[in-house]
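This is what each chain is made of:
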Amino acid sequence: MPSFRVHFVISRQCYDHITHSDYFAVKLKLLSAIQEVDAAQWNRLVSNGYPFLQHAFIDSMEKNQCVGEDHGWIPRHLTCFDDQDNLLGALPLFEKHNSWGEFVFDYAWADAFHRAGLQYYPKLVNAIPFTPATGQRILLDAANRTAIKDALIKGTMSLVGQGEFSGLHSLFLNPDEYLLLKDDVTVTRVDCQFHWHNQNFSSFEDFLDTLKSKKRKNIRQERRKVKQSGVTIECLDGHSASETDWAEFTRLYRSIYNRKYGQPAFNAGFFKDVARSLAEQVLLVVARFDGRVIAASLMYHDAETLYGRHWGCDGYVDSLHFELCYYQGIEYCIRHNLKRFDPGAQGEHKIARGFLPTKTRSLHWMGSLQFRDAVK
């Protein structure tokens, strides 16, 4: 395996550096948009078809202005190429001027920096914006994984070391990458979500048979209420969902954010672009009453996992949220032999519906050794 001797001279505006090994040279480039790298080369390094790291997903966020200076999520993707300009690895990075949309809450850390007379923002975040879904966070060519990883991390940390950023934060890492990236100077943050795990169930009833009587009764009652309400439910993918379906979903999604959560991150252009580019990985569950769309949930999946992401409604039907966001997802996993259902952040009420507490992990490289020890 080649050994990388790295000497970095980096600026935030432009970084194009070649480092030589005994066998070949690698070039690190800091990109301001994912369009600057070939989609096929990028996607070649994405594992299991993980949807949120696909070139098209990130590109749709960028070109539809779901990220950028106005949102405090500025693309700074660090990429690694060989001397033939073949992509060997990448860290999807964002320069952050706030902590909005990360779901790893570090406001106390930012306050501590401020009280000490230091700047916490900007920081570098290795994450998928507004997407607290555990998964791949670093792209690595299989032939030289450790060496390429070291080059990317050293390159990123040289930016931090020059005082451009207060630290690097890698959020919602899958277990393998957590072990790969963890070192003596990182701080680990552990949190909890609630995921469903497929035990080779043959049907939804087969799944219910594994639960205690009280849970089974409650779930059946909730599903019965929806069925008796007169609501019809349809599961669509990017091929079958129409322009009207996406317009209705966008309306519902934005309305629930405006009522409960503040500014919605995504827009109609983003949803339609992703539906076209990742058509077979999209699951849009639509509920209609008297022919009118009254609620919908949006999920994505890869080869192993279904990810619940967004929901919206404009009318109350008892237990409809549970049906669209949980039970339809569980049935989809059983039908398509998916191993896991990650329905999104938070929600201890999911335990009563067959979901299990699951640890999530993030890694944090703090530029200040003093604050690294305090945060740890």
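Our structure's up above, just so we're on the same page.
This write-up is about the structure you can find in this document. (Residues numbered from 1 in each chain as written. Predicted model: local features only at pLDDT ≥ 70, side-chain atom pairs only at ≥ 80, totals over all residues. Heavy atoms only, no water.)

### Structural notes on the overall build of the chain
And step 1. Per the secondary structure count, the chain includes 11 helices and 16 strands.
And step 2. Taking 376 residues into account, the globule formula puts the C-alpha radius of gyration at 21 Å, and the chain, at 22 Å, falls close to it.
And step 3. Dimensions of the chain, computed from C-alpha atoms along their principal axes, come out at roughly 65 × 45 × 40 Å.
And step 4. Put simply, the chain has 376 residues, and 57% of those count as buried.
And step 5. Nonlocal contacts in the chain, meaning residues at least 24 apart in sequence, comprise 70% of its contacts between residues at least 6 apart. (Helix = DSSP H or I, 4+ residues; strand = E, 2+ residues; numbered from the N terminus. Rg over C-alpha atoms; globule rule 2.2 N^0.38 Å. Buried < 20%, exposed > 50% of the residue type's maximum accessible area, 1.4 Å probe, protein only. Contact = heavy atoms within 4.5 Å.)

### Section: the packing of aromatic side chains
And step 1. Scanning the model with the defined rule gives 30 aromatic pairs in all.
And step 2. Relative to phenylalanine 270, the ring of phenylalanine 57 lies with its centre 5.3 Å away and its plane at 85°, an arrangement referred to as edge-to-face. Of this pair, phenylalanine 57 sits in helix α2 (residues 55-63) while phenylalanine 270 sits in helix α9 (residues 268-277), and the two are 213 residues apart along the sequence.
And step 3. Judged by centre distance (6.4 Å) and plane angle (25°), the ring pair of phenylalanine 105 and tyrosine 107 falls under stacked.
And step 4. Over the face of the ring belonging to phenylalanine 204 we find arginine 223, whose NZ or CZ atom lies 4.4 Å from the ring centre. (Phe/Tyr/Trp six-rings, centres within 6.5 Å; stacked < 30°, edge-to-face > 60°. Lys NZ or Arg CZ within 6 Å of the ring centre and 35° of its normal.)

### Examining the sheet that holds strand β11 (residues 232-236)
And step 1. The sheet built from 11 strands is open, its strands ordered β3-β6-β7-β9-β16-β10-β15-β14-β13-β12-β11 with mixed pairing. Edge strands, defined here as strands with exactly one partner in the open sheet, are β3 (73-75) and β11. Direction aside, neighbouring strands of the sheet carry axes that sit 30° apart on average.
And step 2. Pairing analysis gives seven bridges linking strand β13 (residues 292-301) to strand β14 (residues 305-313), with the strands arranged antiparallel. Across the sheet, the residue bridging to histidine 301 is leucine 306, located in β14. (Pairing = 2+ DSSP bridges. Axes fitted to C-alpha atoms, helices over the stretch in contact; angles between N-to-C directions.)

### Some points on helix α7 (residues 213-228)
And step 1. Between its terminal C-alpha atoms α7 stretches 22 Å, which fits the 22 Å expected from 16 residues at 1.5 Å a residue.
And step 2. Those residues of α7 lying buried are Ile219, Glu222, Arg223 and Val226. Projected onto a plane normal to the axis of α7, the buried residues spread over an arc of 90° and lie on a single side. Residues of α7 that are exposed and point more than 90 degrees away from the buried face comprise Lys214, Lys217, Lys227 and Gln228.
And step 3. Close packing links the buried residues of α7 with α6 (204-208), β11 and α10 (320-336).
And step 4. Glycine 230, located one to two residues past α7, shows a positive phi value of around 95°. (Expected span 1.5 Å × (residues − 1). Arc of directions from axis to C-beta.)

### Points about the pattern of salt bridges
Pairs may arise between side chains of opposite charge once their charged atoms sit close together.
And step 1. What the rule picks out here adds up to 23 salt bridges.
And step 2. Among the ionic pairs, arginine 251 bridges to aspartate 314, the shortest N-O distance being 2.9 Å. Here the residue arginine 251 occupies a position in helix α8 (residues 243-261), and aspartate 314 occupies one in the loop between β14 and α10, the gap between them amounting to 63 residues.
And step 3. Taking the relative accessible area as the measure of exposure, arginine 251 reaches 33% and is therefore partly exposed.
And step 4. The class of aspartate 314 is partly exposed, set by a relative accessible area of 33%.
And step 5. Here lysine 339 makes a salt bridge to glutamate 304, at a shortest N to O gap of 3.6 Å. On the criterion of sequence distance, the pair formed by lysine 339 in the loop between α10 and β15 (340-342) and glutamate 304 in the loop between β13 and β14 is long-range, its members being 35 residues apart.
And step 6. If you follow the salt bridges from partner to partner, you end up with Lys96, Glu102, Asp106 and Lys123 in one network. (Salt bridge = Lys/Arg side-chain N within 4 Å of Asp/Glu carboxyl O.)

### Considering the pairing of strand β16 (residues 356-366)
And step 1. Relative to β16, strand β9 (residues 167-173) is paired through five bridges, and the arrangement is antiparallel. Note on β16: the bridge partner recorded for leucine 168 is tryptophan 365.

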